[in-house]
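Chains, contacts and geometry: an overview
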Amino acid sequence: LDVLTWFEKDCCPTPEVLASSVVSHPLIFLTQASQIIRAREQGLPREAAQAAIGTTGHSQGILAATLLAQNLDGRQFEDVAIGYATWLLRQGFRTQQAFPATPLTRDQLRHWETHQEGRPSPMASLQGVNRTDLETRLEEFNSCMPEDCQLYLSLVNSSDRIVLSGPVDSLIWFRGGLQGMPLRWRFLRVQAPLHSPYMASAVKRACEDIAEVGVRIDPASLTIPVLRCRAGEDLRASENPVEDLVRDMILHPVDWPAVCQRIEALAPEVLLDLGPDIQASTLSRENLQGSRIQAVSVNIPEENRRFFSQNLQILDARLALQASGF
């Protein structure tokens, strides 16, 4: 991936190329790593990670959270970040291998043009349907479908913000059954049905690749709790952190309300979101509504300026850190 050339020659790849896991996963992570460096340059002490009461990440953001928890600096930080980016490149390749991208059919293109709900892909977000109702509808839908056409609830972002994963045609058919309901449907810019059983074959191969490039994680190297995105479990208790992280990033569904409950139980004063966008911050605000936790995103200019210009005694605050996935 010759990213510098993309910037220097203004020749960014097509959205379809950027949506592939082999490209998007390592680049999102590298953006997060640069955000960590930028936050330190703005005044976030390296010791803040060690003093924080915990860190977490949404989907692939959990690997950036792991990097934060290791509290590294200088060459050590760079070496581990490069190793993790290589991990995600290999992992992205294995996800695409497990579920190869195919050109859109004429019917799929027609759906795109007619409904204007994003380019059809193997993942779609819904807003406006509660989880219980959606699970009932999914159960009915899957009972009529062969195993390789079934859909799965892959990301529970809030009580009514949910993502489904599965074959494009199945998502389009399921969407047709929801016509007339007051909901917002949007296909995501991805090329694999992440956080679903369709990724099962990618786990073992990705773990073998990661071992081959020599990436290891010692739970003892994590200086603070790393709340996994499946349900908020602490990664430090894992017997196999690498495999558990691979499963969390591509196979297991994400339950962000459960993660936010764990964050709330830690009782931080500030939840600092390090991006790369404001998605996880927005979701966390929604799930933590009513709590006394102040959510701050470094990607919202006004919040960034306020946080770093008030001369806050950051090391004295009860700080939690998080990163987005996609």
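What comes next concerns the included structure. (Residues numbered from 1 in each chain as written. Predicted model: local features only at pLDDT ≥ 70, side-chain atom pairs only at ≥ 80, totals over all residues. Heavy atoms only, no water.)

1. What to know about the packing of aromatic side chains
Per the stated rule, a full pass over the model turns up six aromatic pairs. Judged by centre distance (5.4 Å) and plane angle (80°), the ring pair of Phe 141 and Phe 174 falls under edge-to-face. Of the two residues, Phe 141 is situated in helix α8 (residues 131-143) and Phe 174 in helix α9 (residues 168-176); the sequence distance between them amounts to 33 residues. Given the relative accessible area of 15%, Phe 141 is considered buried. (Phe/Tyr/Trp six-rings, centres within 6.5 Å; stacked < 30°, edge-to-face > 60°. Helix = DSSP H or I, 4+ residues; strand = E, 2+ residues; numbered from the N terminus. Buried < 20%, exposed > 50% of the residue type's maximum accessible area, 1.4 Å probe, protein only.)

2. A closer look at the sheet that holds strand β6 (residues 226-227)
What links the strands of a sheet is backbone hydrogen bonding, and the strands pair in either a parallel or an antiparallel sense. If you trace the five strands from one edge of the open sheet to the other, you get β6-β1-β10-β8-β9, paired in parallel fashion. Looking at which strands have only one partner, the edges of the open sheet turn out to be β6 and β9 (294-297). When strand β1 (residues 54-57) meets strand β10 (residues 319-323), the two strands line up parallel, connected through four bridges. Its bridge partner being in β10, Thr 56 is matched across the sheet by Gln 322. Relative to the sheet, helix α14 (residues 301-309) contacts β8 (270-273) and β9, its axis offset from that of β9 by approximately 110°. (Pairing = 2+ DSSP bridges. Contact = heavy atoms within 4.5 Å. Axes fitted to C-alpha atoms, helices over the stretch in contact; angles between N-to-C directions.)

3. Considerations on helix α5 (residues 61-69)
Among the nine residues that make up α5, nine are buried, leaving the element largely enclosed by the rest of the structure. Considered for burial, the residues of α5 that qualify are Gly 61, Ile 62, Leu 63, Ala 64, Ala 65, Thr 66, Leu 67, Leu 68 and Ala 69. Asn 71 sits one or two residues past α5 and shows a positive phi near 55°.

4. Describing the side chain of Gln 35
Within the secondary structure, Gln 35 is located in helix α3 (residues 21-42). Relative accessible area serves as the criterion here: at 8%, Gln 35 is assigned to the buried category. Here the side chain of Gln 35 touches Asn 299 through a polar contact of 2.6 Å, side chain to side chain. Residue contacts for Gln 35: discarding those within four places in its chain leaves Leu 274, Gly 275, Pro 276, Val 298 and Asn 299. (Polar contact = N/O pair within 3.5 Å; in protein donor to acceptor, adjacent residues only side chain to side chain.)

5. Section: the sheet that holds strand β5 (residues 184-187)
If you trace the five strands from one edge of the open sheet to the other, you get β5-β2-β4-β3-β7, paired in mixed fashion. Of all the strands in the sheet, just β5 and β7 (254-255) have a single pairing partner and so form its edges. Relative to β5, strand β2 (residues 123-127) runs antiparallel, the two being bridged by four bridges. Counterpart to Ala 124 in the pairing with β5 is Phe 187. In this fold α9 packs onto β2, β4 (161-165) and β5, with an angle of close to 170° to the strand it touches most, β5.

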